[in-house]
Amino acid sequence: MRLSIPGRIPNALWMRFGHLSRVDVFAEDFVSQQAPIVLGGCARSGTTLVRVLLDSHPAIFCGPETGLFALPQLELHHLHAVADRYGLARAVVRNLYRHTHSRGQFVDRFFALCCEDRGTKRWAEKTPKNVQNIAAVFKCFPQARFIHVIRDGRDVACSLRTHPKYRKQRGEWVETGIRVAMDQCAARWVRDVRAGLRHRDDPRYLEVRYEDLVNQTRATMEKLLEFVGEPWDERVLQHTTVDSSLRDVNTFLESANAVKPINHTALGRWREELTGTDRETFQAIAGELMLELGYVSKADWS
């Protein structure tokens, strides 16, 4: 990388304090002049697909999720993992961390490095939990645009209850066998979606339905790009052929299906996977929001 960061903390001092949380230092206010695109939504709602499509646009860099907006605090061990995921030298990210004084400033400088390396003018960041931190994003990046991806909660619940399916143990990916209770999945969907809906009156906020993205990909992405102020480019619809060194990083951490041709197989999966009890549990917790979003009517939950 070509970033030059002045000054160095003596090794002995870094060894003593460098592992500690920088939450106090990162509390300082910072306002960026950049206009990033920030993605969020309940996990398993299609945020990764939107990320891959945006990353296919020649003017936008949107790499794997970082958690930089969503983490309660920034800690060095996590930033090392982000550096690895982005193919950056840990030393570069560590120096960046040492010489920034707010979370917003770190995010701003980190993605400036990424854009310089990728040769794009604009960056985007996808982490589902960003939806819980929209106000904080706009505070640091008042010119940002936020994309809230929403999906039928029943399909989300089907995916959430077995996520993550894999974990890395001793250098190999193994199945987790996770089975999350339906009430927890439903509550999570409601909590995350509601967090985004609170910003509906903000002109910097846009909702994208996963179902529209799959059924009307071009029209949905045209609307999204118009919202963020970027011109249409046909390469957005050619996301499976885009050559990106980050596209296949940590395949199990992001859905491998997102880099395949868009298909309809995941739409309405709840009809086959949810039992009668599952449906009753989900409706009791999420029924009001499902009605509000128009996914169901009072007379029809089929």
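Scroll up a little and you will see the structure.
Basis of the calculations
- Residues numbered from 1 in each chain as written.
- Predicted model: local features only at pLDDT ≥ 70, side-chain atom pairs only at ≥ 80, totals over all residues.
- Heavy atoms only, no water.
- Buried < 20%, exposed > 50% of the residue type's maximum accessible area, 1.4 Å probe, protein only.
- Helix = DSSP H or I, 4+ residues; strand = E, 2+ residues; numbered from the N terminus.
- Pairing = 2+ DSSP bridges.
- Phe/Tyr/Trp six-rings, centres within 6.5 Å; stacked < 30°, edge-to-face > 60°.
- Lys NZ or Arg CZ within 6 Å of the ring centre and 35° of its normal.
- Axes fitted to C-alpha atoms, helices over the stretch in contact; angles between N-to-C directions.
- Parallel < 35°, antiparallel > 145°, perpendicular 65-115°, else oblique.
- Left-handed = near helix turned anticlockwise from the far one by under 90°.
- Contact = heavy atoms within 4.5 Å.
- Nonpolar A, V, L, I, M, F, W, Y, C, P; charged D, E, K, R; others polar.
- Polar contact = N/O pair within 3.5 Å; in protein donor to acceptor, adjacent residues only side chain to side chain.

Chemist: Just checking my understanding: could you explain the pairing of strand β4 (residues 145-150) for this structure?
Modeler: For β4, the tally of buried residues reaches five of six residues, placing the bulk of the element in the interior. Examined bridge by bridge, β4 and strand β7 (residues 205-209) share five bridges and lie parallel to one another. Bridged to I147 within β7 is L206.

Chemist: Sorry, what's going on with the packing of aromatic side chains here?
Modeler: For any pair of aromatic rings, the description rests on two quantities: the centre-to-centre distance and the angle between the ring planes. By the definition in use, this model includes eleven aromatic pairs. When the ring of Y86 is compared with that of F111, the centres are 6.3 Å apart and the planes differ by 75°; the resulting orientation is edge-to-face. A residue pair is termed long-range when its members are at least 10 positions apart, and Y86 in helix α3 (residues 76-86) and F111 in helix α5 (residues 103-118) qualify at 25 residues. Residue classification places Y86 among the buried positions, given a relative accessible area of 6%. Ring pairing ties together the aromatic residues F61, F69, Y86, Y97, F106, F110, F111, W123 and F141, which thus form one cluster. For R204, the ring lying beneath its charged end belongs to F138, and the centroid distance is 3.9 Å.

Chemist: Is there a simple way to think about the environment of G87 in this case?
Modeler: Along the polypeptide, G87 turns up in the loop between α3 and α4 (90-98). Classification of G87 by relative accessible area gives exposed; the value is 64%. As a C-alpha pair, G87 and C114 span 27 residues in sequence and 9.8 Å in three-dimensional space.

Chemist: Just to check I follow, could you spell out the pairing of strand β3 (residues 122-126) for this structure?
Modeler: Regular strands place their side chains on alternate faces of the sheet. Among the five residues that make up β3, five are buried, leaving the element largely enclosed by the rest of the structure. For strand β1 (residues 37-40) and β3, the ladder comprises three bridges, and the chain directions are parallel. Looking at β3, one finds that V38 is bridged to E125. Pairing of strand β2 (residues 60-62) with β3, which is carried by three bridges, proceeds in the parallel orientation. By the bridge assignment for β3, I60 is matched with R122.

Chemist: Got a minute to help me understand the packing of α4 against α5 in this structure?
Modeler: It is at 10 Å that the axes of α4 and α5 come closest, and there the two elements cross at 150°. When the interaxial angle is binned, α4 and α5 end up roughly antiparallel. Of the two elements, α4 crosses α5, and the hand of that crossing is right-handed. In this structure, α4 contributes V92, V93, L96 and Y97 to the contact, and α5 contributes F106, R109, F110 and L113. Split into classes, the residues belonging to the contact of α4 with α5 amount to seven nonpolar, no polar and one charged.

Chemist: Before we go on, may I ask you to explain the side chain of R51 in this structure?
Modeler: With respect to the element layout, R51 can be found in helix α2 (residues 47-55). For R51, a relative accessible area of 1% gives the class buried. Engagement of the side chain of R51 in a polar contact is seen with the backbone oxygen of G63, the distance being 3.3 Å.

Chemist: What exactly am I supposed to notice about the environment of E230 here?
Modeler: Here E230 is to be found in the loop between α10 (217-228) and α11 (270-273). A sequence separation of 171 residues divides E230 from A59, and the C-alpha atoms of the two residues are 8.0 Å apart. In this structure, E230 is in contact with H57, A59, I60, K121, R122 and L225, ignoring residues within four places of it in sequence. Within the structure, the side chain of E230 is placed 3.1 Å from the side chain of R122, a separation counted as a polar contact.

Chemist: Just checking my understanding: could you explain the sheet that holds β1 for this structure?
Modeler: In a beta sheet, neighbouring strands are held together by backbone hydrogen bonds and run either parallel or antiparallel to one another. Across the sheet, five strands lie side by side as β2-β3-β1-β4-β7; this open sheet has parallel pairing. Among the strands making up the open sheet, the edge pair consists of β2 and β7. Averaged over all pairs of adjacent strands, the angle between their axes in this sheet comes to 20°, without regard to strand direction. Pairing geometry for β1 and β4, over four bridges, is parallel. Bridging from a neighbouring strand, V38 pairs with F146 of β4. Helix α8 (residues 182-197) contacts β4 and β7 of the sheet and is inclined by roughly 145° relative to β4.

Without other data, these values stay purely geometric and don't point to any function.
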